[in-house]
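# Remarks on the overall topology
Take a look at the letters that make up each chain.
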Amino acid sequence: MEIEKNITSIFMVPTLKIPKDTLLDNGFINGYVRDLNRETEEKDYIYILFKPENIDKFREFLDDEYERTKSIIEDYDYKGGFVVVVYKLTPGFEKDFDLVREGKYSKTSENFQLLFTKVLKLIKNGLHRDELSLQYRIFNKTQDMVDFWEEKFGIHMHKNSEVWTGFIEKNEVLDIEKVKEEINKKVNV
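Note that this is a predicted model, so its numbers are computed, not measured.

## Some thoughts on a negative patch on the surface
Residues D56, E60, D63, D64 and E67 make up a contiguous surface patch of negative charge. Within the element layout of this structure, E67 appears in helix α3 (residues 55-68). By relative accessible area, E67 is classed as exposed at 67%.

As structure tokens, this is what we get:
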């Protein structure tokens, strides 16, 4: 049940320092900057959507999160086994989060960029391999990213161009009905 990760999941969720394996083990779907069905318009909140397979394990995760961080604002459920956990973004990086919303990833501060892993340790077919993280490649406009986009679109990228798609608001807002629809499509394929 993999849904394509949005900008919030790529550049904001990791700043909360929730271990990636813990997120995935608890049915992490995506992060969002707001929830269409909620009145809150807080700019510095992230809505993390889960669909846990094991609710007891998820409750344990949630209890641990409430102990680990003071950043959780609330959690609530949607029908169908979905849970949303609302976090406050890490203070001190407001300008960086604004730059992410503007699609200016390479302009974010060095301190912000240091929140992200540079190298990922991957195991594929039993073999260990190190690979630069997606965020590192985007922040540093690595040549492989430039080559990817130039080949994909048959263009020559300007040196000032960013190497990732921009922040499109509708992709960053939680619409639970749309998510359910998307999941059902993937299940019925």
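## Points about the pattern of salt bridges
Summed over all chains, the structure comprises 13 salt bridges. For E74, the salt bridge identified is with R38, shortest N-O distance 2.8 Å. Placement of the pair is E74 in strand β4 (residues 72-78) and R38 in the loop between β2 (34-35) and β3 (45-50), with a sequence separation of 36 residues. E74 sits in the partly exposed class, given a relative accessible area of 26%. When the shortest N-O distance is used, the salt bridge between K88 and D44 registers 2.2 Å. Here the residue K88 occupies a position in strand β5 (residues 82-88), and D44 occupies one in the loop between β2 and β3, the gap between them amounting to 44 residues. Exposure remark for K88: the relative accessible area of 33% places this residue in the partly exposed category. For D44, a relative accessible area of 23% translates into the label partly exposed. Several salt bridges converge on common partners, so that one network encompasses R129, E131, R137 and D144.

Reading guide: rules and limits
Within any chain, residue numbers begin from 1 and follow the written order of that chain's sequence. Reporting in this predicted model follows two pLDDT cut-offs: at least 70 for local features of residues, and 80 or more for side-chain atom pairs to be given and counted; totals over whole chains, interfaces and linings ignore these cut-offs and use all residues. Side-chain measures here rest on the full set of heavy atoms in the structure, leaving out hydrogens and waters. The patches described consist of residues with a relative accessible area above 30% and no salt bridge, like charges being joined within 9 Å and nonpolar side chains (Val, Leu, Ile, Met, Phe, Trp, Tyr) within 5 Å. We get accessible surface area from the Shrake-Rupley algorithm with a probe of 1.4 Å; when it comes to residues, only the shown protein chains can shield them. Salt bridge, as applied in this entry: a Lys or Arg side-chain nitrogen positioned within 4 Å of an Asp or Glu carboxyl oxygen. In this tally, Lys and Arg are treated as positive and Asp and Glu as negative; His is ignored, and so are the chain termini. A charged residue contributes its charge at one atom only: NZ of Lys, CZ of Arg, CG of Asp or CD of Glu. Under the DSSP-based scheme used, a helix requires at least four consecutive residues in state H or I and a strand at least two consecutive residues in state E, with every element numbered from the N terminus. When accessible area is computed with a 1.4 Å probe and restricted to protein chains, residues below 20% of their type maximum are described as buried, those above 50% as exposed, and intermediate ones as partly exposed.

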